[in-house]
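Architecture at a glance
Listed below are the residues making up each chain.
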Amino acid sequence: MNDIDSSRFTRARWYWTAPYVAVGVFALTMLALVWLLQTREAESERNAVARDVQWAEQTMRRHMQGTEEFLGQLARDLAADALDMDGFQVRANQHIANNAELVNIVWVGPEEAVRWSAPFDTTDWLVGDGLSGLQTQAFYRARELSRPSYGAPYANPRDKVVLEVYVPARRGREFLGAVVGVYSIDRMVRHLVPSWFAEKYRLALISDKGESLAVNSRVRDLDESVSYQIPLDPPGNGLTLRATAFRTGSQLPQALPTAMILGLSVIVLLSLWLLRTHVQRRVQVEKERDRLFNLSLDLLCIVGLDGVFRRANPAFERILGYAPNDLPGRPLLDLVHPDDVSATVEQMRRLSGGEPVSLENRCRCVDGSFKWLAWSINPVREEKLVYAVAHDITGRKAGEDALRAESSFRKAMEESVVTGMRAIDLDGRIIYVNAAFCRMVGFEPDELIGVSRPFPYWPLEDLQLCSDNLDLTLLGRAPPGGFEMRIRRKNGERLDARFYLSPLIDNSGTQTGWMASVTDITEPKRIRAALEAAHERFEAVLDGLEAAVFVADAGSDEILFANRAFKSIHGFDAVGRTVQGVAVLQPERGDYRLDPHVLKPADVPRELFDGELQHPLSGRWYHVRERATRWVDGRVVRMGIATDITERKQTAEVSRQQAERLQRTSRLITMGEMASTLAHELNQPLAAIANYCMGCVTRIQAGNVRGEDLLAAMQKASFQAERAGKIIRRVREFVKKSEPRRSAVQISEVLDDAIGFAEIDAKRMSSRIVADVAAGLPAVFADRIMIEQVVLNLVKNGLDSMADLPRDQRVLVVGARALGPSAVEVSVIDRGHGIDEDAHAHLFTPFYTTKAEGMGMGLNICRSIIEFHDGRLVVDSNPEGGTIFSFTLPTEVASEPIARRV
């Protein structure tokens, strides 16, 4: 044996001697440290309960924050008027069902009264109930702070301790009340923590006064030394959460560890001799295991049951950036994402029971980022260690998230469309329906998926038709335009729908069925039927008209539509022919206001012609009106309406002739009444002529003749003769029969002639006529004789009305003034007895008169004459007493269009 071998042998002996010494030292040391270990274990238990209580508090807070968000959403929907009472009940009941700690959800109005309450059968919050004094504090605090506010816990009428949260609802500055969530304190401690927590600890909610409001267990065997309490916020208000560990029956006597240490030390010493041969083989195995541990691409680590790293392989540095020497002694939970801590802790607790687990969580890298790891962990209870293997799945998770987002997006698209989607397999069995289809037929998806023919939405009366359509679909013979079918809703209502079919192809290109898009066409069919009915009514109305109606293309003159009256005149084959081809009565091109051929869609609608025309063949008269408009296809058309007015024209002609005769009769009657006065008026110039002539004869006979005397006498006689002739000529023109001839006349001259006639009666009645005619009046377009008749009639009526007045008040004023450039107003103002209201209403009625000898036609004829001249005759009371008759006449400039029309 050389020196090296001797040295190795010496070291080997020392290696095997040292354990014996170490066991002894270990036994002594363990006896000294057992108390420290027991103390540390108790501290670990207290730390564990502290962590568990903090976790429980976080869980409860997260649940309560979720409820706050739900109540806040209800408040926002209330403020936006997007929530009614039924919707409130549905959503509130669903949330209460999903959160067992809640007992009520209530909407309290700004007046502190309950408006809506859920569930609907609750007796604690009734609609119309007001808030108590304790509740109003939290209600007004929520209103002032504009955020959720918790009230103090209190016992309700059923002696159940409850806690309320008030979430304000606002629309701008307007306070709409608060949405209230009511928690049961007892349910909070029972349902907001998992079952494993209740198995280990008794959880209690303590009020600010130290009173226990609720506990999750009534077990009395507690280990008060292992307890922890933490404030519960929200809701605050001094509430604390206290957890106390149950006392277990497996606790060992204090002396037992000492005895076990001594016994184990002896056993270890004995075992060392047995292990000596085994260790050598084990050293080789450990070397191989270390090489595998260090060279593995996956994360390998050894962790104690307390969650602290014991050893880590170099893969930690490559994947997470942590050096293997930095991890031992560091808790595994320090690397776990906060959102994954609770799930990781749950799995770690399963390890303590000896059960292997697999989990996925996010772990923090050195740079602060997180990576997804898939852990496979196996415990070794006898070693109080767990062996864990972790694989980096960050890339896979990213792919899954992208796939999940894509799937959610596609699902959202399917659920948001209004078109129903239904898929069947090649055997005709329903394999998919979307929400729109379910809404359309009224059935739930589970009532439709997997169903074969006959489908629940087939009407009983159309089963054979629906079955035939399904057969055509399965054979691939569905028409490109789809099927139009009646379907039955679950409530029995029928509706019309159109099914569009397309093959359903999978990823491999194989057809697996048929996809149908279903559109509700009930309303479009109803609208189309209504339009057809309206069109039929429209045609019926037009065909029922006596007027001939047609529509022709403005460019080609092709007749596009004609009613029955038009067809009866121009032939029932008129539609499709041209206007000239059927000899439609229409004005000349120059008579149109605008040539229809040059009109564009932007120029319509526009009036083209409105006038009366006589048919050259039949001689009948028609009132024709044409208008340019846009046709249903967008092109410009002209629509003509021709109304037969032959009888009206004939009646008008007869009326005109009768009016002329009546006017002439009226003038004759007027002249008859003036006959004696006219005779007296004519006697004066005739007597003067006779006297002048006799004087000339006497002087000639006496031989006493001077030329200048005879000339003066003859000139006077000539003047008197002209005066008499003028009177006779005026009477002759006034009474003779003539056609109305309208021309430009000076109204001042017409009034002078009329006043000249009327002055005869005025002198007889001791009255005076005053002319008040403005200077420079424009010429009027009128018939001179007819206007003289009107003025004379009005003047005579005025003179008659003043017969009972004193002579100095019998003054009648005839005036004329301009009403702008287009009209002249003539007024006759008397100061007579006036006209009462009853007489005023019948003043222009034929044969109505206030004179004993009157015919009652004068004023009616006067109004007809003025209206013939496109004027207006009105009567007003004179503020100074009497009556004012006034009428208007168009001037020559304003009457040019009238002259062309006449």
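Residues numbered from 1 in each chain as written. Predicted model: local features only at pLDDT ≥ 70, side-chain atom pairs only at ≥ 80, totals over all residues. Heavy atoms only, no water.

Okay, a nonpolar patch on the surface next. Taken together, Leu256, Met260, Leu264, Ile267 and Val268 make up a surface patch of nonpolar side chains, about 410 Å² in accessible area. Mapped onto the fold, Ile267 is located in helix H6 (residues 256-295). (Patch = residues over 30% accessible without salt bridge, like charges linked within 9 Å, V, L, I, M, F, W, Y side chains within 5 Å. Areas by Shrake-Rupley, 256 points an atom, 1.4 Å probe, with all protein chains shown as cover. Salt bridge = Lys/Arg side-chain N within 4 Å of Asp/Glu carboxyl O. Helix = DSSP H or I, 4+ residues; strand = E, 2+ residues; numbered from the N terminus.)

For any pair of aromatic rings, the description consists of the separation of the ring centres together with the inter-plane angle of the planes. Following the criterion strictly, the structure yields nine aromatic pairs and no others. Relative to Tyr457, the ring of Phe437 lies with its centre 5.3 Å away and its plane at 80°, an arrangement referred to as edge-to-face. In this pair, Phe437 sits in helix H10 (residues 435-441) while Tyr457 sits in the loop between helix H11 (445-448) and helix H12 (463-474), placing the two residues 20 residues apart along the sequence. One exposure class covers both Phe437 and Tyr457, and it is buried. Within the aromatic cluster, the residues linked to one another by ring pairs are Phe139, Tyr140, Tyr166 and Phe175. A cation over a ring is seen here: Arg143 above Phe175, with NZ or CZ 5.9 Å from the ring centre. (Phe/Tyr/Trp six-rings, centres within 6.5 Å; stacked < 30°, edge-to-face > 60°. Buried < 20%, exposed > 50% of the residue type's maximum accessible area, 1.4 Å probe, protein only. Lys NZ or Arg CZ within 6 Å of the ring centre and 35° of its normal.)

Geometrically, the link from Ala118 to Pro119 is a cis peptide bond, its omega value of -5° lying close to zero. Structurally, the position occupied by Pro119 is in the loop between strand S2 (114-118) and helix H3 (133-145). Following Arg453, the chain continues into Pro454 via a peptide bond in cis, with omega recorded as -5°. The residue Pro454 is located in the loop between H11 and H12 in this model. The backbone phi angle of Asp81 is positive, close to 55°, even though this residue is not glycine. Since its relative accessible area comes to 60%, Asp81 is described here as exposed.

This next bit is on the sheet that holds strand S29 (residues 811-818). In space, the five strands of this open sheet follow the order S27-S29-S30-S32-S31, with mixed pairing throughout. The sheet terminates laterally at strand S27 (768-773) and strand S31 (873-877), the two strands that pair on one side only. When strand polarity is set aside, the average angle formed by the axes of neighbouring strands in this sheet is 15°. Taken together, the six bridges between S29 and strand S30 (residues 823-829) define a ladder with antiparallel strand orientation. (Pairing = 2+ DSSP bridges. Axes fitted to C-alpha atoms, helices over the stretch in contact; angles between N-to-C directions.)

What follows is about the pairing of strand S12 (residues 309-312). Remember that side chains alternate between the two faces of the sheet whenever the strand is regular. Two strands pair when backbone bridges link them, and strand S11 (residues 299-304) and S12 are joined in this way by three bridges, in the antiparallel orientation. Within S12, the residue paired with Val303 across the bridge is Phe309.

Turning our eyes to something else, we now look at H3. Taking 1.5 Å of rise per residue, 13 residues should cover 18 Å, and H3 covers 19 Å from first to last C-alpha, within 8% of that figure. Buried within H3 we find Gln135, Thr136, Ala138, Phe139 and Ala142. What you see down the axis of H3 is that its buried residues fit within an arc of 165°, all on one side. For H3, exposure combined with an orientation more than 90 degrees from the buried face picks out Gly133, Gln137 and Glu144. Where the residues of H3 are buried, they touch strand S1 (102-108), strand S3 (149-150), strand S4 (154-155), strand S5 (161-171) and strand S6 (174-184). In the segment just after H3, Ser146 is the residue with positive phi, at about 55°. (Expected span 1.5 Å × (residues − 1). Arc of directions from axis to C-beta. Contact = heavy atoms within 4.5 Å.)

Inspection of every chain in the model, using the stated rule, returns three cavities of 30 Å³ or more. The calculated volume of the second largest cavity comes to roughly 100 Å³. Taken together, Arg422, Phe455, Trp458, Cys466, Asn469, Leu470, Thr473, Phe483, Met485, Phe499, Leu501 and Ala516 make up the lining of the second largest cavity. When contributions to the lining of the second largest cavity are tallied by element, the ones reaching two or more residues are H12, strand S18 (483-488) and strand S19 (494-505). By residue number, the principal contributor to the lining of the second largest cavity is H12, which donates four residues. Residue composition of the lining of the second largest cavity, grouped by class: nine nonpolar, two polar and one charged. (1 Å grid on protein atoms, 1.4 Å probe; cavity = no way out; pocket = protein on both sides within 12 Å on 5 of 7 lines; lining within 4 Å. Points joined across faces, edges and corners; volume = space filled by probe spheres on them. Nonpolar A, V, L, I, M, F, W, Y, C, P; charged D, E, K, R; others polar.)

Time to look at the nonpolar core. Core analysis: the biggest nonpolar cluster contains 47 residues, and Phe88, Ile105, Met188 and Phe197 have the highest contact counts within it. With 12 residues, the top contributor of residues to this core is helix H1 (residues 3-79). Ranked by size, the runner-up nonpolar core spans 38 residues in total, among them Val795, Leu859, Ile865 and Val875. (Core = buried A, V, L, I, M, F, W, Y, C linked by side-chain atoms within 4.5 Å.)

Moving on to the environment of Lys411. With respect to the element layout, Lys411 can be found in helix H9 (residues 394-416). Sequence spacing of Lys411 and Asn434 is 23 residues, and the spatial spacing of their C-alpha atoms is 9.3 Å.

Next up on the list: the sheet that holds S18. Hydrogen bonding along the main chain pairs the strands of a sheet, whether they run parallel or antiparallel. Reading across from one edge, S17-S16-S20-S19-S18 is the order of the five strands in this open sheet, with antiparallel pairing throughout. Because the sheet does not close on itself, it has two edges, and the strands there are strand S17 (430-433) and S18. Going across the sheet, the axis of each strand differs from the next one's by a mean of 35°, ignoring polarity. Summarising the sheet, strand S16 (residues 420-425) and S17 pair through three bridges and their orientation is antiparallel. Residue pairing in the sheet places Arg422 in a bridge with Val433 of S17. Running at roughly 130° to S18, H12 makes contact with S16, S18, S19 and strand S20 (511-520) of the sheet.

This part covers the pattern of salt bridges. Across all of its chains, the model carries 28 salt bridges by this definition. Between Glu360 and Lys397 there is a salt bridge whose closest N-O contact spans 3.1 Å. Taken together, the residues span a long stretch of sequence, with Glu360 in strand S13 (residues 357-364) and Lys397 in helix H9 at a distance of 37 residues. Since its relative accessible area comes to 37%, Glu360 is described here as partly exposed. Across the salt bridge formed by Arg494 and Glu461, the nearest N and O atoms sit 3.0 Å from each other. One end of the pair, Arg494, is in strand S19; the other, Glu461, is in the loop between H11 and H12, and 33 residues separate them in sequence. Using a relative accessible area of 27% as the deciding quantity, one classes Arg494 as partly exposed. Through salt bridges with shared partners, a single ionic network connects Glu484, Arg486, Asp496, Arg498 and Lys525.

Bringing helix H2 (residues 85-98) into the picture now. In a regular helix each residue adds 1.5 Å, so 14 residues correspond to 20 Å; H2 covers 20 Å between its end C-alpha atoms and thus fits that length. Within H2, the full set of buried residues consists of Gly87, Phe88, Gln89, Ala92, His95 and Ile96.

A few words on the side chain of Thr473. Among the secondary structure elements, Thr473 is positioned in helix H12. Side-chain polar atoms of Thr473 contact the backbone oxygen of Asn469, separated by 2.9 Å. Every residue in contact with Thr473, bar those within four places of it in the chain, is listed here: Ile424, Ala478, Phe483, Leu501 and Trp514. (Polar contact = N/O pair within 3.5 Å; in protein donor to acceptor, adjacent residues only side chain to side chain.)

This part takes up the environment of Pro356. Within the secondary structure, Pro356 sits in the loop between helix H8 (341-352) and S13. Accessibility expressed as a relative area gives 45% for Pro356, which makes it partly exposed. The contact partners of Pro356, leaving out residues within four places of it in the chain, are Arg350, Leu351, Ile377, Asn378 and Pro379.

Let us look at the pairing of strand S24 (residues 621-630). Both strand S23 (residues 606-614) and S24 contribute to a ladder of eight bridges, which runs antiparallel. Pairing of Phe609 across the sheet is with Glu626, part of S24. In sequence, S24 turns back onto strand S25 (residues 636-644) through a hairpin of five residues, with Gly634 there showing a positive phi of about 95°.

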